[in-house]
Amino acid sequence: MMKTILLLLAFVSYAAAQNPALHKDRQVLLDFRVDRKISDIRIPAATQRSVLSKVFRKYLTDSNRCNAEFDTSKGTDPLAEARKGGQIVPSIIDMTTGSFTAANQTQTLYVISVSECNASHADNFGTKRVAIFAGSQLLADVDADFASTIVRKTDLNNDGIDELLMITGDMAQGTVTEMGTLVSFQNGRRRVIQDFGTVVEDSCASEVPGATSDASVLYISDIVPFSMPKLTQENYSSSCRGKARRWRLVSRGKRQ
């Protein structure tokens, strides 16, 4: 009987590690093992012009108009020199509505790809910015630290101010990499609540021997009003063989 009980407890512990739903004291914030639908953000041309003209003093609307002879060697940051000289071709790449700078507001947040003319793959093809508006009024314009996509909007501490889970993505030689960060824009300033590091690293498209798909699951503890819940992370890996992924837990916490 005792042997049976021990085996049952071991099975339950293993199942709980593999199935987050069995944990009653936490909720899934985002499961990066699940394929996400790519939203097709269509911003009317008039909105693009209105937003970009308030964020940038001068900019280009066509990359063919970039000046190949523009000198970016004056300072230590070539991308900053390009922005200063108006050698940018910005566009809105993501957006959401909510209350970001203060509680219980009606605001629109835009993610902008600045697309500096001299930006390369090594520069992630240019910097990214977040611009927050109330109607036509620009409330905040901050660097997004290359984060380009909003994957979830939350109000984890129920204070009436929304946080954003954003990712920075890259693809090189058949390997897709995504880094995740939970951020707040309270008072018009970007604040990192938690940097999760790499949350996706998928080399299946490279077709190299031993290629794997690695993805994280982010959790929050029970939500208590006006208190930020504890954020935890589990990291899983699967072989690229076969149509269905067979995930196994490999580590907890930020991936090293």
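Engineer: I'd like to hear about the state of the cysteines, residue by residue, with values.
Structural biologist: In this structure the tally under the stated criterion is 2 disulfides. Covalently, C66 is tied to C117 through a disulfide, its sulfur atoms 2.1 Å apart. Taking the sign of the torsion about the S-S bond as the criterion, the disulfide between C66 and C117, at about -70 degrees, is left-handed. In this pair, C66 sits in the loop between helix 2 (45-55) and helix 3 (78-84) while C117 sits in the loop between strand 3 (107-113) and strand 4 (128-134), placing the two residues 51 residues apart along the sequence. At a sulfur-sulfur separation of 2.0 Å, the disulfide partner of C204 is C240. Torsion about the S-S bond of the C204 and C240 cystine: about -85 degrees, corresponding to left-handed handedness.

Engineer: Please provide a residue-by-residue account of the pattern of salt bridges, values included.
Structural biologist: Under the criterion given, the structure shown has 10 salt bridges. A salt bridge links D31 to R33; the nearest nitrogen and oxygen atoms lie 2.9 Å apart. R36 is the partner of E178 in a salt bridge, and the nearest nitrogen-oxygen pair spans 3.1 Å. Of this pair, E178 sits in strand 8 (residues 175-184) while R36 sits in the loop between strand 1 (26-31) and helix 2, placing them 142 residues apart in sequence.

Engineer: Describe in detail the pairing of strand 8, supporting the description with residues and values.
Structural biologist: A large share of strand 8 lies buried, amounting to 8 of its 10 residues. Two strands pair when backbone bridges link them, and strand 8 and strand 9 (residues 191-202) are joined in this way by 9 bridges, in the antiparallel orientation. Bridge pairing in strand 9 links T177 to E201. Connecting strand 8 to the antiparallel partner strand 9 that follows it, the hairpin turn spans 6 residues, and N187 within it adopts a positive phi of roughly 60 degrees.

Engineer: Please give an account of the environment of V55 that cites residues and values.
Structural biologist: Turning to its location among the elements, V55 is positioned in helix 2. In this structure the C-alpha to C-alpha distance between V55 and I223, which are 168 residues apart in sequence, comes to 36 Å. If near-sequence neighbours (up to four positions away) are discounted, V55 is found in contact with I112, A131, L138 and D141.

Engineer: A description of the confidence of the model for the chain should follow, citing residues and the corresponding values.
Structural biologist: Across the chain, the average pLDDT comes to 89, with 91% of residues at 70 or higher. Segment residues 4-23 is flagged for pLDDT under 50; beyond a separation of four residues in sequence, or across chains, it makes 18 contacts in the model.

Engineer: Describe unusual backbone geometry, listing the residues and the values that go with them.
Structural biologist: With glycine set apart, most residues show a phi of negative sign, and most peptide bonds adopt trans. Its identity as a non-glycine residue notwithstanding, F125 has a phi of 60 degrees, on the positive side. Tracing the sequence through the fold places F125 in the loop between strand 3 and strand 4. Within the chain, N158 stands out as a residue other than glycine whose phi angle is a positive 55 degrees. By secondary structure assignment, the location of N158 is in the loop between strand 6 (149-154) and strand 7 (163-172). Taking the relative accessible area as the measure of exposure, N158 reaches 40% and is therefore partly exposed.

Engineer: Lay out the packing of aromatic side chains in plain terms, naming residues and giving numbers.
Structural biologist: Overall, the coordinates contain 2 aromatic pairs when judged by the stated rule. When the ring centre of Y219 is taken as origin, the NZ or CZ atom of R26, which lies over that ring, is 3.6 Å away. The ring of Y236 has R33 sitting right over it, with the charged end atom 4.3 Å from the ring centre.

Engineer: Describe the sheet that holds strand 2 (residues 91-98), naming the residues involved and giving the relevant values.
Structural biologist: Overall, antiparallel pairing links the 4 strands, which are arranged 2-3-4-5 in an open sheet. Either end of the sheet is taken by a strand with one partner, and the two such strands are strand 2 and strand 5 (137-143). Adjacent strand axes in the sheet meet at a mean angle of 20 degrees, parallel and antiparallel pairs treated alike. Judged from the 7 bridges that link them, strand 2 and strand 3 form a sheet pairing that is antiparallel. Each bridged residue has a counterpart across the sheet, and for G98 the counterpart in strand 3 is Q107. Each of strand 2, strand 3, strand 4 and strand 5 touches helix 2; the most contacted strand, strand 2, lies at about 95 degrees to it.

Basis of the calculations
Residues numbered from 1 in each chain as written. Predicted model: local features only at pLDDT ≥ 70, side-chain atom pairs only at ≥ 80, totals over all residues. Heavy atoms only, no water. Disulfide = S-S within 2.5 Å. Helix = DSSP H or I, 4+ residues; strand = E, 2+ residues; numbered from the N terminus. Salt bridge = Lys/Arg side-chain N within 4 Å of Asp/Glu carboxyl O. Buried < 20%, exposed > 50% of the residue type's maximum accessible area, 1.4 Å probe, protein only. Pairing = 2+ DSSP bridges. Contact = heavy atoms within 4.5 Å. pLDDT = per-residue confidence, 0-100. Phe/Tyr/Trp six-rings, centres within 6.5 Å; stacked < 30°, edge-to-face > 60°. Lys NZ or Arg CZ within 6 Å of the ring centre and 35° of its normal. Axes fitted to C-alpha atoms, helices over the stretch in contact; angles between N-to-C directions.

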